[in-house]
Amino acid sequence: MMVSEKRQMVYIDTPKTGSTTINSICESHDFKLIRYLDTNDKKFFHYHQRWVPEVFRDYLTFASVRNPYERLYSLYQHDFKHKYNFLRLDIRTFQDYVEGLVYRCDSLTQEDLLDDRKYIYLPQHKYLSVSRVDKIVRMENLHSDLSELGLDMNQELTLNKGD
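Residues numbered from 1 in each chain as written. Predicted model: local features only at pLDDT ≥ 70, side-chain atom pairs only at ≥ 80, totals over all residues. Heavy atoms only, no water.

**What about the overall build of the protein?**
So the rule is basically this: Helix and strand assignments come from DSSP, with helices taken as H or I runs of at least 4 residues and strands as E runs of at least 2, each series counted from the N terminus. In this scheme, a residue with accessible area under 20% of its type's maximum is buried, one over 50% is exposed, and one in between is partly exposed, where area comes from a 1.4 Å probe on protein chains only. Residue contacts follow a heavy-atom distance rule, with two residues in contact if any of their heavy atoms lie within 4.5 Å. Shrake-Rupley sampling with a 1.4 Å probe provides the accessible areas, and residues are treated as covered by the protein chains on show and by no other component.
Summing up its helical and strand segments, the protein has six helices and seven strands in all. When its helices and strands are written in sequence order, the protein yields β-β-α-β-β-β-β-α-α-α-α-β-α. Counting all 163 residues of the protein, 44% fall into the buried class. Taking the intrachain contacts of the protein between residues at least 6 apart in sequence as the baseline, contacts between residues at least 24 apart amount to 69%. Of the accessible surface of the protein, which amounts to about 9400 Å², a share of 49% is contributed by carbon and sulfur atoms.

Now the structure itself:
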């Protein structure tokens, strides 16, 4: 999660939706990475935080999304390239991967959802349904959607594809 107190904005960064690129753009516009401590579990949440802390509830919130098929293929490439297999999926083919992911995501526990290695597989709507989201930034319309928020890009945009 990125926060700009100056702009009173919060970015909820959904994994595999251009979030690394958007985080870089946000940093150039006075946003800071926020990781907060869960007072119940006494552990820090990963930077892809879905819950907006109470102190930022009045800020404008925006989140990124991506075509679900492209996001799924990006997840597959990411796992295949890095040999990640935290859900113990068959990654020999994309079809096997998708079938395993559909089955496995239905059985994720609440504990899995807090695991930094597993929550990346959550469907995008899980990131958007936890906190109020005022604006959706689509990866396919990144430049224009960010411009509407006053986050113009001063440099040529290069997406971090495949990682």
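**Overview of the layout of surface pockets**
If you roll a probe as big as a water molecule over the atoms, it shows you where there is empty space left. As a reminder of what qualifies: Each cavity reported here is a set of points on a 1 Å grid over the protein atoms alone in which a 1.4 Å probe fits but cannot get out, each pocket an open set with protein on both sides within 12 Å along at least five of seven lines, and each lining residue one with an atom within 4 Å of a point. Grid points are joined across faces, edges and corners, and a volume is the space filled by probe spheres set on the points. Gly is put with the polar residues, along with every residue not named as nonpolar or charged; the nonpolar set is Ala, Val, Leu, Ile, Met, Phe, Trp, Tyr, Cys and Pro, and the charged set is Asp, Glu, Lys and Arg.
Of the pockets and cavities examined, the largest pocket occupies roughly 490 Å³. Residue assignment for the lining of the largest pocket shows that the elements contributing at least two residues are α2 (68-82), α3 (94-105), α4 (110-113) and α5 (124-128). For the lining of the largest pocket, the element with the most residues is α2, which contributes five residues. Counted by class, the lining of the largest pocket contains 15 nonpolar, three polar and four charged residues.

**Quick look at the side chain of Gln124**
Along the polypeptide, Gln124 turns up in helix α5. Looking at Gln124, the relative accessible area reads 11%, which means it is buried. Residues contacting Gln124, with those up to four places away along its chain left out, are Thr14, Thr17, Val65, Arg66, Pro68 and Arg71.

**What about the environment of Ile91?**
One can find Ile91 in the loop between α2 and α3. Since its relative accessible area comes to 16%, Ile91 is described here as buried. Apart from the residues within four sequence positions on either side, Ile91 is in contact with Tyr76, Asp79, Phe80, Tyr84, Asn85 and Tyr97.

**Focus on the packing of aromatic side chains**
For clarity, the cut-off: Only Phe, Tyr and Trp rings are paired, with Trp represented by its six-membered ring, and only when their centres lie within 6.5 Å; those with planes under 30 degrees apart are stacked, over 60 edge-to-face, the remainder tilted.
This structure, assessed with the given rule, holds eight aromatic pairs. Taking the centre distance of 6.0 Å and the plane angle of 35° together, the rings of Tyr73 and Tyr76 count as tilted. Pair noted here: Tyr73 and Tyr76 are both in helix α2, with a separation of three residues, about one helical turn. Looking at Tyr73, the relative accessible area reads 39%, which means it is partly exposed. With a relative accessible area of 9%, Tyr76 lands in the buried category. Feature note: the residues Tyr73, Tyr76, Phe80, Phe94 and Tyr97 constitute an aromatic cluster, connected by ring pairs.

**As for the pairing of strand β2 (residues 9-12)**
Applicable threshold: DSSP-based pairing: two strands are paired if at least 2 bridges between them are found.
Here β2 shows two buried faces, one formed by Met9 and Tyr11 and the other by Val10 and Ile12. Pairing of strand β1 (residues 2-4) with β2 involves three bridges; the strand directions are antiparallel. Looking at the pairing, Ser4 lines up with Met9 of β2. The turn joining β1 and β2, which pair antiparallel and follow one another in sequence, is formed by four residues; a positive phi near 55° is taken by Gln8. Sheet topology places β2 next to strand β6 (residues 60-65); four bridges connect them, and they run parallel. Counted as the bridge partner of Met9 is Leu60 from β6.

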